Amino acid sequence: MKDWVKICGLSTPETLEAALDAGADLVGFVRFPKSPRHVSLDLGRDLSRQARGRALRVVLLVDADDAAIADAVEALDPDLLQLHGRESPERAAAIRSRFGRPVLKAIGIADASDLAALGPYAGGVDHLLLDAKPPRTSGALPGGNGLSFDWRLLNGLDPGLSFMLSGGLNPGNVAEAVRLTGSRAVDVSSGVESEPGVKDPGKIEAFVKAARAAFSASV
């Protein structure tokens, strides 16, 4: 990955347009009913058409079966599939093969031991998304919780690993996150919201600008 900024959990034409106008490289649409950012297939189709040719379109799925994935692919025609559940390396590779779309697999990180999970996935998916492990509470979402992990854990990570950094990022801390991790790709959702599921156009613009400046400073 090279200097990618992803705005995830977009659910209205207006906030999607704000992300596109700000210069986001990837825009994410959530297909997970428990999330406040969930979009229906019809709304997702409209949003995806709005973004076509202007940014890479990502559909976020959580432990979806083949039928649900097929519905999402048909309706949204995504450029990437983001798997944000407990999909095994074998399942992730099978989804990539069956649906012919690049796969971005999310891995929850809480401590150094979690980094051992990266290797088994690396050969079967296109990119990894390193996110904060969700809290062990009932009803916790697999992502979008506004939590970060200790970015220093990524010191010494294989420089050839294609990964995107996520988890608790916002306009005020993304520069520090890029500096500490060397990441050339960042993902944000709750960090550019005024309340869960409600994106703030001003925060979106500020995040994209801050990420771009951080990438430039770390060259």
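The present account deals with the structure reproduced in this document. Small disclaimer: the values here were computed from a predicted structure and weren't measured. (Residues numbered from 1 in each chain as written. Predicted model: local features only at pLDDT ≥ 70, side-chain atom pairs only at ≥ 80, totals over all residues. Heavy atoms only, no water.)

1. So, helix 7 (residues 201–217)
With 17 residues, helix 7 should reach 24 Å at 1.5 Å per residue; the first-to-last C-alpha distance of 24 Å fits that figure. Looking at helix 7, one finds that the buried residues are Ile204, Phe207, Val208, Ala211, Ala214 and Phe215. Projection of helix 7 onto a plane perpendicular to its axis shows the buried side chains occupying an angular sector of 130°, all on one side. Those residues of helix 7 that are exposed and aimed more than 90 degrees away from the buried face are Lys209, Ser216 and Ala217. Residues of helix 7 that are buried make contact with strand 1 (4–7), helix 1 (13–22), helix 6 (174–181), strand 8 (185–188) and strand 10 (198–199). (Helix = DSSP H or I, 4+ residues; strand = E, 2+ residues; numbered from the N terminus. Expected span 1.5 Å × (residues − 1). Buried < 20%, exposed > 50% of the residue type's maximum accessible area, 1.4 Å probe, protein only. Arc of directions from axis to C-beta. Contact = heavy atoms within 4.5 Å.)

2. Describing the nonpolar core
Judged by nonpolar contacts, the single largest core of 56 residues is most densely connected at Ile7, Val27, Leu128, Leu130, Val186 and Phe207. Looking at this core element by element, the count peaks at six residues for helix 7. With near-sequence residues (within four places) excluded, Val27 lies in contact with Ile7, Leu10, Leu16, Ala19, Leu20, Ala51, Ala55, Leu56, Arg57 and Val58. (Core = buried A, V, L, I, M, F, W, Y, C linked by side-chain atoms within 4.5 Å.)

3. Comments concerning the environment of Leu153
Its location among the elements puts Leu153 in the loop between strand 6 (127–132) and strand 7 (163–165). Measuring from C-alpha to C-alpha, the distance between Leu153 and Val58 comes to 27 Å, with 95 residues separating the pair along the chain. Residues in contact with Leu153, not counting those within four places in the same chain, are Ile109, Ala110, Asp111, Ala112 and Leu115.

4. Observations concerning the side chain of Thr15
Residue placement: Thr15 occurs in helix 1. In contact with Thr15, not counting residues within four places along its chain, are Leu10, Lys199 and Ile204.

5. Quick word on the pairing of strand 5 (residues 103–109)
For strand 5, the buried fraction is high: six of the seven residues fall into the buried class. With three bridges connecting them, strand 4 (residues 80–83) and strand 5 associate as parallel partners. The residue of strand 5 that forms the bridge with Gln82 is Leu104. With helix 4 (residues 89–99) bridging strand 4 and the parallel strand 5, this β-α-β connection has right-handed handedness. Relative to strand 6, strand 5 runs parallel, the two being bridged by six bridges. Bridge pairing in strand 6 links Lys105 to Leu128. (Pairing = 2+ DSSP bridges. Right-handed = clockwise from strand over helix to strand, strands pointing away.)

6. Brief notes about the pairing of strand 1
Covered by surrounding structure in strand 1 are Trp4 and Lys6 together with Val5 and Ile7, the residues of both alternating faces. Sheet topology note: the strand 1/strand 8 ladder contains four bridges and is parallel. In the sheet register, Ile7 faces strand 8, and the bridge partner there is Val188. With two bridges connecting them, strand 1 and strand 2 (residues 26–31) associate as parallel partners.

7. Structural notes on the environment of Val188
Take Val188: it is sitting in strand 8. When its relative accessible area of 2% is taken as the criterion, Val188 is described as buried. Between the alpha carbons of Val188 and Ser11 there is a distance of 14 Å; along the sequence they are 177 residues apart. Residue contacts for Val188: discarding those within four places in its chain leaves Lys6, Ile7, Cys8, Leu169 and Phe207.

8. Examining the pattern of salt bridges
Opposite charge on two side chains allows them to pair when their charged atoms are near. As enumerated under the stated definition, the model contains 19 salt bridges in all. The shortest N-O distance in the salt bridge between Arg184 and Asp3 comes to 2.7 Å. In this pair, Arg184 is assigned in the loop between helix 6 and strand 8 and Asp3 in the segment before strand 1, connecting sequence segments 181 residues apart. Assessed through its relative accessible area of 25%, Asp3 is described here as partly exposed. The shortest N-O distance in the salt bridge between Arg179 and Glu176 comes to 2.8 Å. (Salt bridge = Lys/Arg side-chain N within 4 Å of Asp/Glu carboxyl O.)

9. Remarks on helix 4
Among the residues making up helix 4, those that are buried are Ala92, Ile95 and Phe99. Angular distribution of buried residues about the axis of helix 4 spans 60°; they occupy a single face of the element. Pointing more than 90 degrees away from the buried face of helix 4 are the exposed residues Glu90, Ser97 and Arg98. Packing partners of the buried residues in helix 4 comprise helix 3 (66–76), strand 4, strand 5 and helix 5 (118–122). Phi turns positive, to about 65°, at Gly100, one or two residues after helix 4.

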